Amino acid sequence: MRRTPIRRVSKKRQAYAPVRALWGRVIRQGGRCIIPGCPHPPQACHYWPEGKYKRVRVDLDNGFPACFYHHIEGWHKDPDVQQQIKDILLEQRGQRWYDRLKMRRDAATRPDLAAIKVAL
Ligand SMILES: [Zn+2]
């Protein structure tokens, strides 16, 4: 008989999941893909990838809304679409947004999950 494997989830991950879900909901709020004229409902996308840059994975400044197609086929696979999205974000949010986000990305200290949850 096969037994159901016990899934071990670390305490850290348990604390992270609801904050990550909330982050996604806030990023999707407004309901439009970042590509002008795109009618499809958005997913919450990361500017700096969440797997690599844990400091900014639930940072609102690190998120933008894009539909499945523009997120996966565009942002992640097509350099032209990725550049287009980067240009749109820089235009909408400005150089200070980029500089500050990058600073937080490389910060030595971890963000306070509890504080972020409250802020979201
Ligand atoms: Zn789209």
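Everything that follows concerns the structure shown earlier in this document.
Residues numbered from 1 in each chain as written. Predicted model: local features only at pLDDT ≥ 70, side-chain atom pairs only at ≥ 80, totals over all residues.

Asks: I'm lost on the overall build of the protein in this one. Help?
Replies: A tally of regular secondary structure across the protein gives 4 helices and 2 strands. Going from the N terminus to the C terminus, the protein shows its helices and strands as α-β-β-α-α-α. The principal-axis extents of the C-alpha atoms in the protein amount to approximately 50 × 40 × 25 Å. Counting across all 120 residues of the protein, residues that qualify as buried make up 21%. (Helix = DSSP H or I, 4+ residues; strand = E, 2+ residues; numbered from the N terminus. Buried ≥ 20, exposed ≤ 12 C-beta atoms within 10 Å, placed from the backbone.)

Asks: Please explain helix H2 (residues 68-75) as it appears in this structure.
Replies: One turn of the α-helix equals 3.6 residues, which is why residues spaced by three or four share an orientation. Here H2 has its buried residues at His 70, His 71, Gly 74 and Trp 75. What you see down the axis of H2 is that its buried residues fit within an arc of 115°, all on one side. Looking at the buried residues of H2, the elements they touch are strand S1 (42-46), strand S2 (63-67) and helix H3 (79-105). (Arc of directions from axis to C-beta. Contact = placed C-beta atoms within 7 Å.)

Asks: Is there a simple way to think about the environment of Ala 44 in this case?
Replies: As for its position among the elements, Ala 44 is in strand S1. Taking C-alpha positions, Ala 44 is 18 Å from Trp 97, a pair spaced 53 residues apart along the chain. Excluding residues within four positions of it along the chain, Ala 44 makes contact with Trp 23, Gly 24, Ile 27, Arg 28, Gly 63 and Pro 65.

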